[in-house]
Amino acid sequence: SMPAPAQSPSSPLIEASVQLDLPRQTEMRYLVYLPPDYHPAGGTTWPLMLFLHGAGERGTNLSRVAIHGPPSLVKQGTNFPFLIVAPQCPEGQRWENDPLVRLLDHVTRQYAVDPSRIYLTGLSMGGFATWYLGATYPERFAAIAPVCGGVRGSPAFPHSLIEMPVWAFHGDQDTVVDVSESVKAVEALRGIGGNPRLTIYPGVGHDSWTATYANPELYEWFLRHSLD
């Protein structure tokens, strides 16, 4: 079952960092979740979920990354059948592709990751980044799930995502990021022959992530997909 309450003390969220050779950002700090039966030398490779937080969790306090989403569920004792990597965006900045791709390269080298089963999701600011990163590097992700995000200024969108499994989520009463952002993105993909899913929560405001990440079907849907 996915996710399932831990039967024993849950695996801790590991605090880590990586040095990046980039002009704007030289270090990225992140949280890592390892499943209880993960063994790096066991010969098994694991799926990985890259989770991107929203604007309110930026800064230098890494524990804020676990306020929402899958890292929050891990803190509450949930076990997942994949690794989770949750970086922190610096204060006053927005997610950028280059640091995220460098982080992805780093963690796939450091851990026993199946490169054909890397999944991408994020909320609000991280939802926008999920659309943008997925559209720019569709060859890296088996499926993406943007939550209360949208697409702005991505030259690769929508054509680069035509074959990508996409499931978008949004509340129809969102006053921070209007639901039309997700609707327009999904309609653009459908207009060129894509087959994205869209879940709109009636009567829900900006917090469409609590219901989304509490839904086991999301994780089951992720795990049904892998890169050819």
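Residues numbered from 1 in each chain as written. Predicted model: local features only at pLDDT ≥ 70, side-chain atom pairs only at ≥ 80, totals over all residues. Heavy atoms only, no water.

(A) Summary view of the overall build of the protein chain. When helices and strands are counted, the protein chain shows six helices and 10 strands. Taking 228 residues into account, the globule formula puts the C-alpha radius of gyration at 17 Å, and the protein chain, at 16 Å, falls close to it. Projected onto the principal axes, the alpha-carbon positions of the protein chain cover approximately 45 × 40 × 35 Å. For the protein chain, the accessible area works out to roughly 10,000 Å², and carbon and sulfur atoms hold 49% of it. On the protein chain, the mean spot of the 15 positive side-chain charges and the mean spot of the 21 negative ones are 3 Å from each other. (Helix = DSSP H or I, 4+ residues; strand = E, 2+ residues; numbered from the N terminus. Rg over C-alpha atoms; globule rule 2.2 N^0.38 Å. Areas by Shrake-Rupley, 256 points an atom, 1.4 Å probe, with all protein chains shown as cover. Lys, Arg positive; Asp, Glu negative; His and termini not counted. Charge placed at Lys NZ, Arg CZ, Asp CG, Glu CD.)

(B) Geometry of the pattern of salt bridges. Applying the stated criterion to the full structure yields four salt bridges. For D114, the salt bridge is made with R117, and the minimal N-O distance between the two is 2.9 Å. When its relative accessible area of 23% is taken as the criterion, R117 is described as partly exposed. Linking E217 and R197 is a salt bridge whose minimum nitrogen-to-oxygen distance equals 3.3 Å. (Salt bridge = Lys/Arg side-chain N within 4 Å of Asp/Glu carboxyl O. Buried < 20%, exposed > 50% of the residue type's maximum accessible area, 1.4 Å probe, protein only.)

(C) Representation of the layout of surface pockets. In this model, the largest pocket occupies a volume close to 260 Å³. What lines the largest pocket is simply R94, W95, E96, N97, M125, F128, A129, Y132, G150, V151, R152 and S154. Here the element with the most residues in the lining of the largest pocket is helix 3 (residues 125–136); it accounts for four residues. Around the second largest pocket, the lining residues are P138, F141, A142, S160, L161, E163, M164, P165, S226, L227 and D228. By residue class, the composition of the lining of the second largest pocket is seven nonpolar, two polar and two charged. (1 Å grid on protein atoms, 1.4 Å probe; cavity = no way out; pocket = protein on both sides within 12 Å on 5 of 7 lines; lining within 4 Å. Points joined across faces, edges and corners; volume = space filled by probe spheres on them. Nonpolar A, V, L, I, M, F, W, Y, C, P; charged D, E, K, R; others polar.)

(D) A look at the confidence of the model for the protein chain. For the protein chain, the average pLDDT comes to 92, and 95% of its residues sit at 70 or higher. This stretch, residues 4–11, has a pLDDT under 50; its non-local contacts, to residues over four places away or in other chains, come to 17 contacts. (pLDDT = per-residue confidence, 0-100. Contact = heavy atoms within 4.5 Å.)

(E) Representation of the environment of L83 within the structure. Tracing the sequence through the fold places L83 in strand 6 (residues 83–87). On the basis of relative accessible area, L83 is assigned to the buried category, the value being 0%. Once the C-alpha coordinates of L83 and C148 are considered, the two residues, 65 residues apart in sequence, prove to be 23 Å apart.

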